[in-house]
Amino acid sequence: MNKKTKFTLTALWILLTRSYDAYCTYQFTPNLDKEANPLVTVLGMSWTPLLLTVFSLTLYGIWCLYQSTFKPINLLPTESGYSLSEVSGYIYLGKRAPWYAIFYAFPKSLRRFNQYLGHTLSRCLVYAGFISTLMWLFIQNCEWYRSIHSGALIYSLLLLGCSLILYQWHSQQNFEYLKNTAHK
């Protein structure tokens, strides 16, 4: 599949599934009293700020995907000797750092940050689209699922799935790094 088709299908999937999630959420809880999203439960957002926030972040994620698809930069280190953890830190920060620096540091380059999110956030949004779509279909059609549905279940699936997606992508990048530096 060429880059343009892949980007278009990915962006459409993200937009459609985020829209479907918002539509179903409104049908299920028009006043948001049953909504589990922390933007509502913790920050107390109502519909307008919630939709503006979610769709702004979604559009930003798609823009980052566009950047990483059509204007990519090399995020990998060029010198050899990096561990998987250090390659992961470098991909994000542009300097040697352990993987967990992702949680407390910010890249000096906004372009690097956008590229990183284009690769990672888009994958997580695609996965979240599958989870939320299946969730709503199960809520609407499966009695057995309604009895086990909870915000904790959904957020656990999202956290576990996105963690696996990120690990797989970072491992793939480490493989590319090792291949590129094997001759050095």
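One can find the structure itself at the top, above this paragraph.
Small disclaimer: the values here were computed from a predicted structure and weren't measured. (Residues numbered from 1 in each chain as written. Predicted model: local features only at pLDDT ≥ 70, side-chain atom pairs only at ≥ 80, totals over all residues. Heavy atoms only, no water.)

(A) Quick peek at the overall build of the protein chain. From N to C terminus, the protein chain includes seven helices and zero strands. Along the longest, intermediate and shortest principal axes, the C-alpha atoms of the protein chain span 60 × 30 × 30 Å. Counting every position in the protein chain, which comprises 184 residues, the buried fraction comes to 40%. For the protein chain, contacts bridging at least 24 residues in sequence account for 61% of all contacts bridging at least 6. Across the protein chain, the 15 positively charged side chains and the 7 negatively charged ones have centroids separated by 13 Å. (Helix = DSSP H or I, 4+ residues; strand = E, 2+ residues; numbered from the N terminus. Buried < 20%, exposed > 50% of the residue type's maximum accessible area, 1.4 Å probe, protein only. Contact = heavy atoms within 4.5 Å. Lys, Arg positive; Asp, Glu negative; His and termini not counted. Charge placed at Lys NZ, Arg CZ, Asp CG, Glu CD.)

(B) The arrangement of the packing of aromatic side chains in detail. Within the structure shown, the criterion is met by 19 aromatic pairs. Centroid distance Phe138 to Trp144: 5.6 Å. Interplanar angle 55°. Geometry classified as tilted. Residue class for Trp144 comes out exposed when judged on its relative accessible area of 51%. Pairwise contacts between aromatic rings join Tyr92, Phe106, Phe113, Tyr116 and Trp169 into one cluster. Cation over ring: Lys34 sits above Phe28, and NZ or CZ is 5.3 Å from the ring centre. Across from the ring centre of Tyr82, 4.0 Å away, lies the NZ or CZ of Arg96, which sits over that ring. (Phe/Tyr/Trp six-rings, centres within 6.5 Å; stacked < 30°, edge-to-face > 60°. Lys NZ or Arg CZ within 6 Å of the ring centre and 35° of its normal.)

(C) The arrangement of helix H7 (residues 151-181) in detail. For H7, spanning 31 residues, the distance from its first C-alpha to its last is 44 Å, which sits close to the expected 45 Å at 1.5 Å a residue. What H7 keeps buried is the set Ile154, Leu158, Gly161, Cys162, Trp169, His170, Gln173, Asn174, Tyr177 and Thr181. Of the surrounding elements, those touching the buried residues of H7 are helix H4 (84-93), helix H5 (110-141) and helix H6 (143-148). (Expected span 1.5 Å × (residues − 1).)

(D) Spotlight on the packing of helix H1 (residues 3-28) against H5. Orientation of H1 relative to H5, taken along the N-to-C sense of each, is 35°, at an axis distance of 9 Å. Judged by the twist between their axes, the crossing of H1 over H5 is left-handed. Residues Thr10, Trp13, Ile14, Thr17, Arg18, Tyr20, Asp21, Cys24, Thr25 and Phe28 of H1 form the contact with H5, whose participating residues are Ser122, Leu125, Val126, Ala128, Gly129, Phe130, Ser132, Thr133, Met135, Trp136, Leu137 and Gln140. Its residues assigned to classes, the contact of H1 with H5 shows twelve nonpolar, eight polar and two charged. (Axes fitted to C-alpha atoms, helices over the stretch in contact; angles between N-to-C directions. Left-handed = near helix turned anticlockwise from the far one by under 90°. Nonpolar A, V, L, I, M, F, W, Y, C, P; charged D, E, K, R; others polar.)

(E) View of the pattern of salt bridges. Under the counting rule described, the total for this entry stands at four salt bridges. Residue Glu86 pairs with Arg96 through a salt bridge whose shortest N-O separation is 3.2 Å. Pair noted here: Glu86 is in helix H4 and Arg96 is in the loop between H4 and H5, with a separation of ten residues, a long-range link. The class for Glu86 is partly exposed, based on a relative accessible area of 23%. Between Glu176 and Lys179 there is a salt bridge; the shortest N-O distance is 3.3 Å. Within this pair, Glu176 and its partner Lys179 are both found in helix H7, separated by three residues, close to a single helical turn. Classification of Glu176 by relative accessible area gives partly exposed; the value is 27%. Overall, Lys179 belongs to the partly exposed group, its relative accessible area being 48%. (Salt bridge = Lys/Arg side-chain N within 4 Å of Asp/Glu carboxyl O.)

(F) Looking closely at the environment of Tyr90. Looking at where Tyr90 falls in the secondary structure, it is placed in helix H4. Separated by 70 residues in sequence, Tyr90 and Tyr20 have C-alpha atoms that sit 36 Å apart.

(G) Structural context of H1. Taking 1.5 Å of rise per residue, the 26 residues of H1 would be expected to cover 38 Å, and the 37 Å separating its terminal C-alpha atoms lies within 8% of that figure. Taken together, the buried positions of H1 are Phe7, Thr10, Ala11, Ile14, Thr17, Arg18, Asp21, Ala22, Cys24 and Thr25. Tucked inside the fold, the buried residues of H1 contact helix H3 (47-70) and H5. Where H1 begins, one side-chain oxygen reaches toward the backbone nitrogen of Lys4, 3.1 Å away; that side chain belongs to Asn2. (Polar contact = N/O pair within 3.5 Å; in protein donor to acceptor, adjacent residues only side chain to side chain.)

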